[in-house]
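Each chain is listed here by its residues.
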Amino acid sequence: MFDVSIERLVRGGQVEESRAARVAFLWEEIRRLKRDKHAFVPAHNYQVPEVQAIADIVGDSFELAVRARNVDARLVVFCGVRFMAEGCYTLAPHLPVYLPNQRALCSLAEVDADDLEERQDFLRSLGRRFATMTYVNTYADVKALSDVCCTSANAAKIAGRLDVPDILFVPDQNLAYQVAIKTKRMYLPPPDPHAFHPKEYLARIEPLLREGERQGLVGNVFPWEGACHVHHEMTLADIATIRREDPTAVVIVHGEVRPELQEAADEVMSTSQMVKYVEAHPEKNRLAILTECGLVVRLELEHPETRFYRVCRLCEHMKAIDLENVYLALRDEPPECRVTVPENVRVGAARAMERMIELAG
Ligand code: SF4
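Just so you know, the residues in each chain are numbered from 1, in the order the chain's sequence is written. The predicted origin of the model limits local features to residues at a pLDDT of at least 70 and limits the giving and counting of side-chain atom pairs to 80 or more, whereas totals for whole chains, interfaces and linings rest on all residues. Side-chain calculation: all heavy atoms of the structure are included, whereas hydrogens and water are not.

**Q** Is there a simple way to think about the state of the cysteines in this case?
**A** Two cysteine sulfur atoms make up a disulfide if the distance between them is within 2.5 Å. Going through the model one piece at a time under the given rule, you end up with one disulfide. In this model Cys293 forms its disulfide with Cys312; the gap between the sulfur atoms is 2.2 Å. Taking the sign of the torsion about the S-S bond as the criterion, the disulfide between Cys293 and Cys312, at about 90 degrees, is right-handed. Here the residue Cys293 occupies a position in helix α15 (residues 293-302), and Cys312 occupies one in the loop between β14 (307-309) and α16 (323-332), the gap between them amounting to 19 residues. Per the convention used, a helix needs a DSSP run of H or I reaching at least four residues, while a strand needs a run of E reaching at least two, with both numbered from the N terminus.

So this is what it looks like as structure tokens:
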């Protein structure tokens, strides 16, 4: 839970003074509706502070997915993006799950399930022993084609526990790099977006496959060509600027940034790991955290003694959720906001998500 007052948000510039009364009204109404309707409201770390403040739990996708399994509620209003609400329904299909704004999508999650099957066929045709590992930032039809899901917090741990040498990692090419480095697998270059040609791609990766064998690596990571635009647009210059301004600042990047930024940073973490790091290291009071701004703004409010350099970026999909649409979803339970998945797809997606929870334990 994120405990903050309106006065603090106004003082910090997160809420304009002219909106303070409306925010206070919405907080009160949302809290009343949650009680009256026995509703559960989870929020992702990237939500704006005024939304995080009314949530029952704030966390990363793994924390929210695990919590969804055992939630005691009559309905869920999910403050995040669609794949998260889908994931919640996948693990708790007895509950109506509402996403307050249908524009809360995710550029990374747009993977075509037919394309994934084509890629799996390609690896089978090469005789590779592989598992399809899918980041939770995907829709249920893609999860259902996967052996296991993962989040940025547990991707390397889960990959390390798989009993096959190769991994087809979907859809984030940068997190795939983290998995390859941490599990001693060869990181192969992803195909160009929308241009997968099996013969040309094989010619491109063959020398690297041989090199991995020569080095005695565990296997290979075949990355999908996706990326989160929020993290992928961060540059080495962002880190260089911070280092110039304050050489003592600890630079922490999210696993979705490009490989060269992961190498230049001091730490690579998921959002939940970032939160724990800041809490566990009060002596590290000059930090540059390269991820979506929602998390950094909350950390600033929770740790006023720490200096945070603003190198974060906004995700417009996450920001499609606001207090007004959360209030309306909770009050009206509009059918168009309800998120479901066909049962045959849901069962497959749930299997991959449950395997993630089991292997991450
Ligand atoms: S921050 Fe990136 S991965 Fe997360 S919802 Fe936005 S576009 Fe998707």
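That shown, we press on.
**Q** Would you take a moment to explain the domain arrangement of the protein for this structure?
**A** Accessible area lost during the coming together of the parts is what is often quoted as the interface size. By domain assignment, the protein separates into domain 1 (6-105 + 318-343), domain 2 (113-227) and domain 3 (234-309). The domain limits used here are those given by an automatic or database domain assignment. Measuring from the centre of the C-alpha atoms in domain 1 to the corresponding centre in domain 2 gives 33 Å. Note on contacts: a residue pair qualifies if any of its non-hydrogen atoms lie within 4.5 Å across the two residues. Contact with domain 1, which involves eight residues of that partner, is made by nine residues of domain 2. Here domain 1 and domain 2 share an interface that buries about 680 Å² over both sides, 63% of which is from carbon and sulfur atoms. Put simply, buried area is the surface a 1.4 Å probe can reach on two separate parts but cannot reach once they are joined, added for both. Sorting the residues of domain 1 by area buried against domain 2 places Phe62, Phe83 and Glu86 first, and these three jointly supply 62% of that buried surface. Any carboxyl oxygen of Asp or Glu that lies within 4 Å of a side-chain nitrogen of Lys or Arg is treated as forming a salt bridge with it. If you look at where domain 1 meets domain 2, you find zero salt bridges. Nitrogen and oxygen atoms within 3.5 Å of one another constitute a polar contact, given that in protein one can donate a hydrogen and the other can accept it, and given that sequence-neighbouring residues count only through two side-chain atoms. Remark: the boundary between domain 1 and domain 2 carries one residue pair in polar contact (both at pLDDT 80 or more). Looking at the side of domain 1 that touches domain 2, the elements with two or more residues in it are α4 (61-69) and α5 (82-91).

**Q** Just checking my understanding: could you explain the sheet that holds strand β5 (residues 97-98) for this structure?
**A** Strand pairing in a sheet relies on backbone hydrogen bonds, with the paired strands running either antiparallel or parallel. Any two strands between which DSSP finds at least two bridges are classified as paired. Pairing in this open sheet of three strands is parallel, and the strands run β1-β4-β5 from one edge to the other. In this open sheet, the two edge strands, each paired with only one partner strand, are β1 (39-40) and β5. Pairing between β1 and strand β4 (residues 75-77): two bridges, direction parallel. Bridged to Ala39 within β4 is Leu75.

**Q** Mind showing me how you'd approach the site of the ligand here?
**A** Around the ligand, the surrounding shell holds 13 residues, and the nearest of these are Cys106, Ser107, Asn137, Cys228 and Cys315. Structurally, the ligand is housed in the largest cavity. Nearness is defined per residue: one heavy atom within 4 Å of the molecule or strand is enough. Definitions used throughout: a 1 Å grid over protein atoms alone; a cavity as a set of points that fits a 1.4 Å probe which cannot get out; a pocket as an open set with protein on both sides within 12 Å along at least five of seven lines; a lining residue as one with an atom within 4 Å of a point. What decides whether a molecule sits in a cavity or pocket is whether more than half of its atoms lie within 2 Å of the grid points.

**Q** Could you clarify how one ought to interpret the pattern of salt bridges in this entry?
**A** When the charged atoms of two side chains lie near each other, side chains of opposite charge can form a pair. Under the counting rule described, the total for this entry stands at 21 salt bridges. Of the charged contacts in the structure, one is a salt bridge between Asp36 and Arg32, with a shortest N-O distance of 3.1 Å. Remark: Arg32 and Asp36 occur in helix α2 (residues 20-37); sequence separation between them is four residues, near one turn of the helix. Per-residue accessibility, obtained with a 1.4 Å probe over protein chains only, is compared with the maximum for each type, and a residue is labelled buried under 20%, exposed over 50%, and partly exposed between these values. Under the relative-accessibility criterion, Asp36 is labelled exposed at 55%. In this structure, Arg128 engages Asp166 in a salt bridge whose closest nitrogen and oxygen atoms are separated by 2.7 Å. Residue Arg128 is found in the loop between α6 (113-125) and β6 (130-135), and its partner Asp166 is found in strand β8 (residues 166-170); the two are separated by 38 residues along the sequence. Among the residues examined, Asp166 registers a relative accessible area of 1% and is labelled buried.

**Q** What is the right way to look at the nonpolar core in this model?
**A** Note on soluble globular proteins: their nonpolar side chains tend to be buried together. Side-chain atoms within 4.5 Å are what join buried Ala, Val, Leu, Ile, Met, Phe, Trp, Tyr and Cys residues into a set we call a nonpolar core. Judged by nonpolar contacts, the single largest core of 110 residues is most densely connected at Trp27, Met133, Phe169 and Ile289. Counting residues per element, this core draws most heavily on helix α17 (residues 343-360), at eight residues. Beyond its immediate chain neighbours, meaning those up to four positions away, Trp27 contacts Val4, Ser5, Ile6, Leu9, Glu50, Ala53, Ile54 and Leu323. Judged by nonpolar contacts, the second largest core, of 17 residues, contains Phe130, Met186, Tyr201 and Ile205.

**Q** Explain empty space enclosed by the protein here, please?
**A** A probe matching the size of a water molecule, rolled over the atoms, marks out where space remains unfilled. Grid points are joined across faces, edges and corners, and a volume is the space filled by probe spheres set on the points. Taken as a whole and assessed by the stated rule, the structure comprises three cavities of 30 Å³ or more. Its volume calculated, the largest cavity comes out at about 260 Å³. Every residue lining the largest cavity is counted, 26 residues in all, and those nearest its centre are Tyr46, Phe83, Asn137, Glu256 and Met318. Residue assignment for the lining of the largest cavity shows that the elements contributing at least two residues are α5 and α11 (229-232). Of the residues forming the lining of the largest cavity, the biggest block, three residues, is contributed by α11. Of the residues in the lining of the largest cavity, the class split is twelve nonpolar, eleven polar and three charged. Reported here for the second largest cavity is a volume of approximately 90 Å³. Lining the second largest cavity are Ser61, Leu64, Ala65, Phe78, Phe83, Met84, Gly87, Cys88, Val136, Lys143 and Met353. Looking at the lining of the second largest cavity, the elements that each hand over two or more residues are α4 and α5. Sorting elements by how many residues they give to the lining of the second largest cavity places α5 first, with four residues. By the convention adopted, Pro, Cys, Tyr, Trp, Phe, Met, Ile, Leu, Val and Ala count as nonpolar, Lys, Arg, Asp and Glu as charged, and the other residues, Gly among them, as polar. A class-by-class count of the residues in the lining of the second largest cavity yields eight nonpolar, two polar and one charged.

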